[in-house]
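Residues per chain are reported as follows:
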Amino acid sequence: MNKKTRTVAFFIILCMAAVSCQKENISNPISINAEITSSQNVSYMIDGTTYQIILHNQAEWDAFIQRMLALARNGHSIVLSNGESVATVSSTKEIVTFTTDDENEANAWATEMIKDGYSVTITFDKKTGIYTCVAVK
């Protein structure tokens, strides 16, 4: 009886091993619907210290640029770049300067220039209330 139990147990183990080695045959593939979002890698510098952030949607971008403008209002120098390392300005590069006293205009201009591949420096003069945005390509 003991020999019969061992034989049956061994046979069951062999059957389980054979089944576990078989390739799974998927006859009905499962469809997975996923929302594809575009993420944006942004390099930025605050007073000479470089950081990077990945923004996943327009709301995150808007919140990020508002924080950067707030830092500029507090006297910090801000440099923003679309995923590339933030570089120093040289005289051979294309430079575009924009000044405004409207935060929304500074936001829109900086956003557009970054999308166009420029690195944008934002400063704020507390005495005059003017944002100075310099785009370098």
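Higher on the page you've got the structure.
Summary of the structure given here. What you see is a predicted model; the values in this text were computed from it and never measured. (Residues numbered from 1 in each chain as written. Predicted model: local features only at pLDDT ≥ 70, side-chain atom pairs only at ≥ 80, totals over all residues. Heavy atoms only, no water.)

1. Some details on the packing of aromatic side chains
Evaluation of the coordinates by the stated rule reveals 5 aromatic pairs. Aromatic pair Y44 and F64: ring centres 5.0 Å apart, planes at 70°, arrangement edge-to-face. In this pair, Y44 is assigned in strand 1 (residues 40–46) and F64 in helix 2 (residues 58–73), connecting sequence segments 20 residues apart. Residue class for Y44 comes out buried when judged on its relative accessible area of 12%. Counting every residue linked through ring pairs, the aromatic cluster contains Y44, Y51, W61 and F64. (Phe/Tyr/Trp six-rings, centres within 6.5 Å; stacked < 30°, edge-to-face > 60°. Helix = DSSP H or I, 4+ residues; strand = E, 2+ residues; numbered from the N terminus. Buried < 20%, exposed > 50% of the residue type's maximum accessible area, 1.4 Å probe, protein only.)

2. What to know about helix 3 (residues 103–115)
Every α-helix winds through 3.6 residues per turn, so residues three or four apart in the chain are directed the same way. Compared with an ideal rise of 1.5 Å per residue, which puts 13 residues at 18 Å, helix 3 spans 18 Å between its outermost C-alpha atoms and is within 8% of the ideal. Along helix 3, the positions that sit buried rather than exposed are A106, N107, W109, A110, T111, M113 and I114. Each element contacted by the buried residues of helix 3 is listed here: strand 1, helix 2, strand 3 (78–81), strand 4 (95–100), strand 5 (119–125) and strand 6 (130–136). Capping the start of helix 3, D102 holds a side-chain oxygen 3.1 Å from the backbone nitrogen of N104, two or three residues further along. G117, located one to two residues past helix 3, shows a positive phi value of around 95°. (Expected span 1.5 Å × (residues − 1). Contact = heavy atoms within 4.5 Å. Polar contact = N/O pair within 3.5 Å; in protein donor to acceptor, adjacent residues only side chain to side chain.)

3. Overview of the pattern of salt bridges
One pass over the full model with this rule turns up 1 salt bridge. The shortest N-O distance in the salt bridge between E103 and R73 comes to 2.8 Å. In this pair, E103 is assigned in helix 3 and R73 in helix 2, connecting sequence segments 30 residues apart. (Salt bridge = Lys/Arg side-chain N within 4 Å of Asp/Glu carboxyl O.)

4. Thoughts on the side chain of S43
Tracing the sequence through the fold places S43 in strand 1. You can call S43 buried: its relative accessible area is 1%. Looking at S43, its side chain comes within polar contact range of the side chain of Q52, at 2.9 Å.

5. Observations regarding the side chain of N107
Among the secondary structure elements, N107 is positioned in helix 3. Excluding anything up to four places from it in sequence, N107 contacts I65, Q66 and L69.

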